[in-house]
Amino acid sequence: MDTRSKIISVADVMQLFDGMSLRFVRGTFDPLLAAHAQELVDAVQPDVKLVVIVDPGVDPILPVRARAELVAGVRAVDYVLPLEPGEGFEASSTVDLVAAHNARLAGLIDHVKRRA
(Lines give C-alpha, C1' and ligand atoms only; values in the text may rest on other atoms or scores of the structure.)
Protein backbone atom coordinates (compact mmCIF):
# COMPACT_ATOMS: atom_id res chain seq x y z
CA MET A 1 0.00 0.00 0.00
CA ASP A 2 1.29 3.44 -0.92
CA THR A 3 0.62 5.43 2.25
CA ARG A 4 1.16 8.68 0.32
CA SER A 5 -2.46 8.29 -0.83
CA LYS A 6 -3.43 9.31 2.73
CA ILE A 7 -2.04 12.81 2.09
CA ILE A 8 -4.83 15.26 1.29
CA SER A 9 -5.32 19.00 0.78
CA VAL A 10 -7.48 21.51 2.65
CA ALA A 11 -9.94 21.42 -0.26
CA ASP A 12 -10.15 17.63 0.06
CA VAL A 13 -11.06 17.90 3.74
CA MET A 14 -13.82 20.39 3.00
CA GLN A 15 -15.30 18.38 0.11
CA LEU A 16 -14.76 14.73 0.95
CA PHE A 17 -15.56 14.64 4.62
CA ASP A 18 -18.67 16.80 4.97
CA GLY A 19 -20.75 15.16 7.70
CA MET A 20 -18.15 12.48 8.51
CA SER A 21 -16.86 12.10 12.06
CA LEU A 22 -13.29 13.39 12.12
CA ARG A 23 -10.69 13.88 14.83
CA PHE A 24 -7.91 16.33 14.08
CA VAL A 25 -4.45 16.19 15.66
CA ARG A 26 -1.95 18.96 14.90
CA GLY A 27 1.82 18.71 15.24
CA THR A 28 5.12 19.47 13.56
CA PHE A 29 6.53 15.90 13.67
CA ASP A 30 10.02 17.23 12.97
CA PRO A 31 11.48 14.69 13.25
CA LEU A 32 8.84 11.99 13.74
CA LEU A 33 9.66 10.13 16.94
CA ALA A 34 8.26 6.93 18.44
CA ALA A 35 6.51 9.05 21.11
CA HIS A 36 4.70 10.95 18.35
CA ALA A 37 3.52 7.70 16.77
CA GLN A 38 2.23 6.54 20.17
CA GLU A 39 0.36 9.83 20.65
CA LEU A 40 -1.33 9.27 17.29
CA VAL A 41 -2.29 5.71 18.20
CA ASP A 42 -3.69 7.00 21.50
CA ALA A 43 -5.78 9.61 19.64
CA VAL A 44 -7.77 6.97 17.74
CA GLN A 45 -11.49 6.79 18.55
CA PRO A 46 -13.97 4.17 17.32
CA ASP A 47 -15.85 5.14 14.14
CA VAL A 48 -13.93 8.43 13.83
CA LYS A 49 -11.38 9.14 11.10
CA LEU A 50 -8.04 10.46 12.39
CA VAL A 51 -6.76 13.41 10.36
CA VAL A 52 -3.26 14.60 11.25
CA ILE A 53 -2.37 18.20 10.43
CA VAL A 54 1.37 18.62 9.83
CA ASP A 55 2.37 22.21 10.63
CA PRO A 56 5.25 23.74 8.69
CA GLY A 57 7.11 24.60 11.90
CA VAL A 58 9.89 27.12 12.41
CA ASP A 59 13.29 26.31 10.88
CA PRO A 60 12.35 22.67 10.20
CA ILE A 61 14.81 19.82 9.81
CA LEU A 62 12.66 18.08 7.17
CA PRO A 63 10.36 19.61 4.54
CA VAL A 64 6.66 19.44 5.38
CA ARG A 65 5.97 16.95 2.56
CA ALA A 66 8.60 14.52 3.89
CA ARG A 67 7.13 14.76 7.38
CA ALA A 68 3.63 14.19 5.97
CA GLU A 69 4.82 11.03 4.22
CA LEU A 70 6.35 9.73 7.45
CA VAL A 71 3.17 10.45 9.43
CA ALA A 72 1.10 8.75 6.70
CA GLY A 73 3.11 5.59 7.38
CA VAL A 74 1.62 5.32 10.87
CA ARG A 75 -1.15 2.72 10.62
CA ALA A 76 -3.48 4.54 13.04
CA VAL A 77 -3.59 7.63 10.80
CA ASP A 78 -6.38 7.80 8.24
CA TYR A 79 -5.42 11.05 6.49
CA VAL A 80 -2.62 13.62 6.63
CA LEU A 81 -3.07 17.31 5.89
CA PRO A 82 0.32 19.00 5.33
CA LEU A 83 0.25 22.79 5.69
CA GLU A 84 2.68 25.01 3.81
CA PRO A 85 4.03 28.19 5.47
CA GLY A 86 1.24 30.77 5.56
CA GLU A 87 -1.48 28.19 4.92
CA GLY A 88 -4.00 27.72 7.69
CA PHE A 89 -6.65 25.25 8.72
CA GLU A 90 -8.78 25.35 11.83
CA ALA A 91 -11.09 22.69 13.19
CA SER A 92 -13.14 22.99 16.35
CA SER A 93 -11.89 19.78 17.95
CA THR A 94 -8.18 19.81 17.16
CA VAL A 95 -5.76 18.16 19.58
CA ASP A 96 -2.69 20.41 19.43
CA LEU A 97 0.64 18.65 19.99
CA VAL A 98 2.89 21.47 18.68
CA ALA A 99 4.11 22.64 22.11
CA ALA A 100 4.86 19.08 23.23
CA HIS A 101 6.72 18.40 19.98
CA ASN A 102 8.78 21.58 20.37
CA ALA A 103 9.77 20.53 23.88
CA ARG A 104 10.76 17.05 22.64
CA LEU A 105 12.83 18.57 19.83
CA ALA A 106 14.66 20.81 22.30
CA GLY A 107 15.41 17.75 24.44
CA LEU A 108 16.65 15.83 21.42
CA ILE A 109 18.93 18.68 20.37
CA ASP A 110 20.35 18.90 23.90
CA HIS A 111 20.93 15.15 23.92
CA VAL A 112 22.77 15.22 20.58
CA LYS A 113 24.93 18.16 21.72
CA ARG A 114 25.90 16.33 24.92
CA ARG A 115 26.80 13.19 22.94
CA ALA A 116 28.86 15.06 20.33
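Bear in mind that the values here come from a model prediction, so they are computed numbers and not experimental data.

1. Focus on the sheet that holds strand S3 (residues 79–82)
Here comes step 1: Taken together, the four strands give an open sheet; going across it, the order is S3-S2-S1-S4, and neighbouring strands pair in parallel fashion. One side of each edge strand has no neighbouring strand; the edge strands of this open sheet are S3 and strand S4 (94–96). Geometrically, the sheet is characterised by an average inter-axis angle of 25° between neighbouring strands, direction not taken into account.
Here comes step 2: The sheet contact formed by strand S2 (residues 49–54) and S3 spans four bridges and is parallel. Bridge pairing in S3 links isoleucine 53 to leucine 81.

2. Brief notes about the environment of phenylalanine 29
Here comes step 1: Take phenylalanine 29: it is sitting in the loop between strand S1 (22–27) and helix H2 (34–42).
Here comes step 2: Taking the relative accessible area as the measure of exposure, phenylalanine 29 reaches 0% and is therefore buried.
Here comes step 3: Separated by 29 residues in sequence, phenylalanine 29 and valine 58 have C-alpha atoms that sit 12 Å apart.
Here comes step 4: Once residues lying within four places of it in the same chain are set aside, the contact partners of phenylalanine 29 are His36, Leu40, Val52, Ile53, Val54, Arg67, Val71 and His101.

3. A closer look at helix H3 (residues 64–72)
Here comes step 1: Listing the buried residues of H3 in full gives Val64, Arg67, Ala68, Val71 and Ala72. The buried residues of H3 occupy one face: seen down the axis, they fall within an arc of 140°.

4. Some thoughts on the side chain of aspartate 55
Here comes step 1: Its location among the elements puts aspartate 55 in the loop between S2 and H3.
Here comes step 2: There is a polar contact of 2.8 Å between the side chain of aspartate 55 and the side chain of arginine 26.

5. Section: the pairing of S2
Here comes step 1: The buried count for S2 comes to five of six residues, which makes it a mostly enclosed element.
Here comes step 2: Bridge count between S1 and S2: six bridges; the pairing is parallel. In the sheet register, phenylalanine 24 faces S2, and the bridge partner there is valine 51.
Here comes step 3: Once you follow S1 into H2 and on to S2, the crossover reads as right-handed.

6. Thoughts on the nonpolar core
Here comes step 1: By size, the foremost hydrophobic cluster in this structure holds 16 residues, and its most contacted members are Leu40, Val52, Val54, Val71, Val77 and Val80.
Here comes step 2: Mapped onto this core, the elements with two or more residues apiece are S2 and H3.
Here comes step 3: Considering every element that reaches this core, the biggest residue donor is H3, with four residues.
Here comes step 4: Grouped together as the second largest cluster of nonpolar side chains are 11 residues, Phe17, Val51, Leu81 and Leu83 included.

Parameters at a glance
Once a new chain begins, its residue numbering starts again from 1 and follows that chain's sequence as written. Only residues with pLDDT of 70 or above have their local features reported here, since the model is predicted, and side-chain atom pairs are shown and tallied only from 80 upward, although totals for entire chains, interfaces and linings are computed over all residues. The side-chain numbers reported here are obtained from all heavy atoms of the structure, hydrogens and water having been left aside. Strands pair, by our definition, only if DSSP identifies at least two bridges between them. Secondary structure elements are taken from DSSP: a helix is a run of H or I of four residues or more, a strand is a run of E of two residues or more, and numbering for both begins at the N terminus. Between the N-to-C directions of two axes lies an angle of 0 to 180 degrees, each axis being a line fitted to C-alpha atoms and, for a helix, fitted only over the stretch in contact. Summary of the burial criterion: residues with accessible area below 20% of their type's maximum are buried, those above 50% are exposed, and those between are partly exposed, where the area comes from a 1.4 Å probe applied to protein chains only. Working rule for contacts: check all heavy atoms of both residues, and any pair within 4.5 Å makes them a contact. What the arc measures is the spread of directions leading from the helix axis to the C-beta atoms. For the purposes of these results, a polar contact is taken to be a pair of N or O atoms within 3.5 Å, where, inside protein, one atom must be able to donate a hydrogen and its partner to accept one; residues adjacent in sequence count only when each atom of the pair is a side-chain atom. A crossover gets the label right-handed when its path from the first strand over the helix to the second runs clockwise, viewed with the strands pointing away from the viewer. Residues grouped as a nonpolar core are buried Ala, Val, Leu, Ile, Met, Phe, Trp, Tyr and Cys residues, joined through side-chain atoms within 4.5 Å.

Fair warning: the whole summary comes from geometry, so function is off the table for now.
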